[in-house]
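# Structure assessment
Listed here are the chains, written in short residue letters.
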Amino acid sequence: EAGVAQSPRYKIIEKRQSVAFWCNPISGHATLYWYQQILGQGPKLLIQFQNNGVVDDSQLPKDRFSAERLKGVDSTLKIQPAKLEDSAVYLCASSSGQGYGYTFGSGTRLTVV
Amino acid sequence: AQSVTQPDIHITVSEGASLELRCNYSYGATPYLFWYVQSPGQGLQLLLKYFSGDTLVQGIKGFEAEFKRSQSSFNLRKPSVHWSDAAEYFCAVGAYRGGSNYKLTFGKGTLLTVNP
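As a starting point, this report considers the structure included with it. Here the structure is a predicted model, which is why all the values come from computation and not from measurement.

## Remarks on the overall build of chain B
Counting its secondary structure elements, chain B contains 0 helices and 12 strands. Reading chain B from its N terminus to its C terminus gives the helix and strand order β-β-β-β-β-β-β-β-β-β-β-β. Taking 13 Å as the expected radius of gyration for a compact globule of 116 residues, we find that chain B reaches 14 Å, a close match to that expectation. Here the C-alpha coordinates of chain B stretch approximately 50 × 30 × 25 Å along the principal axes. Here chain B, with 116 residues, has 47% of them falling under the buried criterion.

Listed below in structure tokens is the structure:
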């Protein structure tokens, strides 16, 4: 089966600019996650979708980050405006739920200068 | 809330030597436990998982892990390390928080260096 697709792989932007990331999960996976991984740290959950509804966005900085999964399939994560501390790898993962591990995409490496 | 501690930030072993990476978790009930590996510039790949049953679980690439409830641990082992095992390893605990709200919480990772 095809894996989790993410684009772009790399992005460099200046602070205060906006950026968007795209994720296409494994077909049939109802649950989709966005994680932020800062260099030297483990992934931190930003937002979790179940189909097209948000299950958990408690750690999403909502003043600048937004995410949507309109048709319950692919998803976009947006940052506007970006700050230097947003430099990280943004990982998308999907799951068939029910306690299984996730399948991760290769991530988008964001550098804010 | 669940949490994961990986006490070793960086471990260096010689090729062919045995390996043990430590992981301790905190969770009130029986957890779902996972080990992931991340090579540079790549996403996370699942090595193995524990849900229930036999406390010694086998994974891919010759890795195994043992769940010890009394110690709240889930250490990863490999009897003979290969140079290609050099990567960062993450332990994670999964738990439901009501309804469909299932979440994986990751440790900070252990970076493995393999010397020739």
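## So, the sheet that holds strand 8 (residues 75–79) of chain A
Strands pair in a sheet through their backbones, by hydrogen bonds, and they do so in one of two ways: parallel or antiparallel. All names here are of chain A. Judged by pairing direction, the sheet is antiparallel, and its 4 strands sit side by side in the order 1-3-8-7 without closing on themselves. The sheet terminates laterally at strand 1 (5–7) and strand 7 (65–68), the two strands that pair on one side only. Neighbouring strand axes in the sheet, compared pairwise and without regard to direction, differ in orientation by 15° on average. Where strand 3 (residues 19–24) meets strand 8, 5 bridges bridge the pair, whose relative direction is antiparallel.

## Structural notes on the pattern of salt bridges
Residue and element names in this part refer to chain B. Within this structure, the stated rule accounts for 6 salt bridges over all chains. Here Arg77 makes a salt bridge to Glu66, at a shortest N to O gap of 3.2 Å. Pair noted here: Arg77 is in strand 9 (residues 73–78) and Glu66 is in strand 8 (residues 64–68), with a separation of 11 residues, a long-range link. By relative accessible area, which is 23% here, Arg77 ends up partly exposed. Salt bridges sharing common partners tie together Glu64, Glu66 and Arg77.

## Looking at the side chain of Glu64(B)
Residues and elements named next belong to chain B. Following the sequence through the fold, Glu64 ends up in strand 8. Of the residues examined, Glu64 reaches a relative accessible area of 19% and is grouped as buried. At 3.2 Å, the side chain of Glu64 forms a polar contact with the side chain of Gln58. Not counting chain neighbours up to four residues away, the residues in contact with Glu64 comprise Leu48, Leu56, Val57, Gln58, Asn75, Leu76 and Arg77.

## Quick notes on the nonpolar core
For soluble globular proteins, nonpolar side chains are generally found buried alongside one another. Residues and elements named next belong to chain B. If you look at the biggest cluster of nonpolar residues, it comprises 26 residues, and the most contacted ones within it are Leu19, Trp35, Leu47, Leu48, Phe74, Leu76 and Tyr89. Residue assignment for this core shows that the elements contributing at least two residues are strand 2 (10–14), strand 3 (19–21), strand 5 (32–38), strand 6 (44–50), strand 8, strand 9, strand 10 (87–96) and strand 12 (110–115). With 4 residues, strand 10 is the single largest residue contributor to this core. Sequence-distant contacts of Leu47, that is, excluding residues within four places in its chain, are made with Trp35, Tyr36, Val37, Gly59, Ile60, Lys61, Phe63, Leu76 and Tyr89.

## Side note on the interface of chain A and chain B
With 24 residues of chain A at the interface, the matching set in chain B holds 21 residues. Each partner contributes to the roughly 1800 Å² buried at the junction of chain A and chain B, and carbon and sulfur atoms together form 48% of this total. Our enumeration of links across chain A and chain B arrives at 0 salt bridges. For the interface between chain A and chain B, the tally reads 4 residue pairs in polar contact (both at pLDDT 80 or more). For the side of chain A that touches chain B, the secondary-structure elements that each account for two or more residues are strand 4 (31–37), strand 5 (44–50) and strand 6 (53–56) of chain A. Across the side of chain A that touches chain B, the residue classes tally to 9 nonpolar, 13 polar and 2 charged.

The rules we used
- Residues numbered from 1 in each chain as written.
- Chains lettered and ligands numbered in written order.
- Predicted model: local features only at pLDDT ≥ 70, side-chain atom pairs only at ≥ 80, totals over all residues.
- Heavy atoms only, no water.
- Helix = DSSP H or I, 4+ residues; strand = E, 2+ residues; numbered from the N terminus.
- Rg over C-alpha atoms; globule rule 2.2 N^0.38 Å.
- Buried < 20%, exposed > 50% of the residue type's maximum accessible area, 1.4 Å probe, protein only.
- Pairing = 2+ DSSP bridges.
- Axes fitted to C-alpha atoms, helices over the stretch in contact; angles between N-to-C directions.
- Salt bridge = Lys/Arg side-chain N within 4 Å of Asp/Glu carboxyl O.
- Polar contact = N/O pair within 3.5 Å; in protein donor to acceptor, adjacent residues only side chain to side chain.
- Contact = heavy atoms within 4.5 Å.
- Core = buried A, V, L, I, M, F, W, Y, C linked by side-chain atoms within 4.5 Å.
- Buried area = accessible area lost by both parts, 1.4 Å probe.
- Nonpolar A, V, L, I, M, F, W, Y, C, P; charged D, E, K, R; others polar.

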